[in-house]
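Coordinate inspection notes
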Amino acid sequence: MACPFSVVIAIDFGTTSSGYAFSFTQDSEAIHMMKRWEGGDPGVANQKSPTCLLLTPELRFHSFGFAARDFYHDLDPEEARHWLYFDKFKMKIHSTSDLTMETELEAVNGQKVRAIDVFAHALRFFREHALKEVKDQSSSVLEGDEIRWVITVPAVWRQPAKQFMREAAYLAGLVSPDCPEQLLIALEPEAASIYCRKLRLHQVIDLSMQPITNGLELDVSRPFDSSDRYVVADCGGGTVDLTVHQIEQPQGTLKELYKASGGPYGAVGVDLAFEAMLCQIFGEDFIQSFKAKRPAAWVDLMIAFEARKRTASPGRTNALNISLPFSFIDYYKRHRGQSVEAALRRSNMNIVKWSSQGMLRLTQEAMNELFQPTISKIVKHIDLPEPLPPPGAVGGAGAGTPERREIRATMQFGDTEIKVTAVDVMSNRSVRASIDFLSN
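Because the structure is predicted, anything quoted here is derived from the model rather than measured.

**Considering the packing of aromatic side chains**
This model, assessed by the stated rule, comprises 22 aromatic pairs. Measuring from centroid to centroid gives 5.3 Å for Phe286 and Phe328, while their planes differ by 90 degrees, and the two rings are edge-to-face. With a gap of 42 residues between them, Phe286 in helix α9 (residues 284-293) and Phe328 in helix α11 (residues 326-336) connect regions that are remote in the sequence. Seen in terms of ring centroids, Phe286 and Tyr331 are 5.7 Å apart; in terms of plane orientation they differ by 40 degrees. Their pairing is tilted. One end of the pair, Phe286, is in helix α9; the other, Tyr331, is in helix α11, with 45 residues separating them in the sequence. Per residue, the accessibility class of Phe286 equals that of Tyr331, and both read buried.

Below you can see the structure in the form of structure tokens.
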């Protein structure tokens, strides 16, 4: 079947960082990944840009990613209080149980804006950025309907959250609501699993760690085949998603052995643990006041922690230094009438020290304490509840022949509603259902 699209643009909209890649359908194996971002660290190719958005005091879009982060950092502290800076806002969509078009997001300065508008601003930025890159790479002029857009979402997102992302894409002008098939909402771990299918075993297995599996030597130069079952654990900033797949030969399709699953066990949990540790040392009322009165300095502090967090490892023995912004040290002295060093001594938290250079020194024990709750949740979730079925088996245990029923279903897709009619072929009984995703 001829492909109606000339190019596919896929946006990885992450909790902490985002990016996109595209390929032309005539040469789909050649994938162009965006690595040049305005404001990125000099001399470093960044595959992703921070997922942060800056709006002017008049609520107009100003910038996204590194550009937003750096501009906000350079604002005068008093002026910064009037600008709206959003980061790690994707998790709000997962955690809100009654998600609607009117759900609001809170900026760092405490001001609230409709979530759908924030997401639309971000997607509009990616649309304009990607179209410019595609235009530079293409010899012909592309029409809007020649582009297929893909947005990846976590496996744990409920249907309203997926529909919300679709509505934001319509609002951003990626596609028209009249052509819903032009936008594909894909599950993040399934996209990763499809990528793994193209790898050879030696690219997946760390030979130094596990040269022999189940007592058998592996031919690691061969591609995956139908005997290989694998778990993809997509450990992101906000969520950790799992898929368990097996490749079906000869067609090369993927067979799902477990329903895609996961939970809010991403790296943001470590940031929250760090914030809780600061509250324990300096007092929750002070931290909340500092966030409200010095929002840009708070962002700087979390960026400094993020940079050090990435260098942490279980084998590391020396402490990690995290710079406290001068405004934090000054604000604490004026707010509490004593020094940051005195607060640390009074807290009796021996795993966090004070450096004379104006830095918090987090010992290995402190870093373990920050990481452990999140790691424990991931390990507990990956601990599969039952053994994998043998290759070719059907059902959880793979024993016996399961009863087969033929059910025919028809679905009508509206903007916010899906109407479903299912008919049991043997008994001719039918069931109708209507699902409205964005109602209250």
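**Overview of the pattern of salt bridges**
Within the structure shown, the criterion is met by 15 salt bridges. Among the ionic pairs, Glu102 bridges to Arg114, the shortest N-O distance being 3.3 Å. Here Arg114 lies in strand β9 (residues 112-114) and Glu102 lies in the loop between α3 (91-95) and β8 (104-106), a separation of twelve residues in the sequence. We classify Glu102 as exposed; its relative accessible area is 52%. Residues joined by salt bridges that share partners form a network here, namely Lys88, Asp271, Glu306, Lys309 and Arg310.

**Digging into the sheet that holds strand β16 (residues 253-263)**
In a beta sheet, neighbouring strands pair by backbone hydrogen bonds and run either parallel or antiparallel. The three strands are arranged β14-β15-β16 in an open sheet whose pairing can be described as antiparallel. Taken across any chain shown, the strands that pair with only one partner, and hence form the sheet edges, are β14 (229-235) and β16. Sheet twist, expressed as the mean angle between neighbouring strand axes with direction ignored, is 20 degrees. Taken together, the eight bridges between strand β15 (residues 240-248) and β16 define a ladder with antiparallel strand orientation. Within the sheet, the bridge partner assigned to His245 lies in β16 and is Glu256. Sitting on the sheet, helix α13 (residues 364-382) is in contact with β14, β15 and β16, with an inclination near 30 degrees to β15.

Rules used throughout
- Residues numbered from 1 in each chain as written.
- Predicted model: local features only at pLDDT ≥ 70, side-chain atom pairs only at ≥ 80, totals over all residues.
- Heavy atoms only, no water.
- Phe/Tyr/Trp six-rings, centres within 6.5 Å; stacked < 30°, edge-to-face > 60°.
- Helix = DSSP H or I, 4+ residues; strand = E, 2+ residues; numbered from the N terminus.
- Buried < 20%, exposed > 50% of the residue type's maximum accessible area, 1.4 Å probe, protein only.
- Salt bridge = Lys/Arg side-chain N within 4 Å of Asp/Glu carboxyl O.
- Pairing = 2+ DSSP bridges.
- Axes fitted to C-alpha atoms, helices over the stretch in contact; angles between N-to-C directions.
- Contact = heavy atoms within 4.5 Å.

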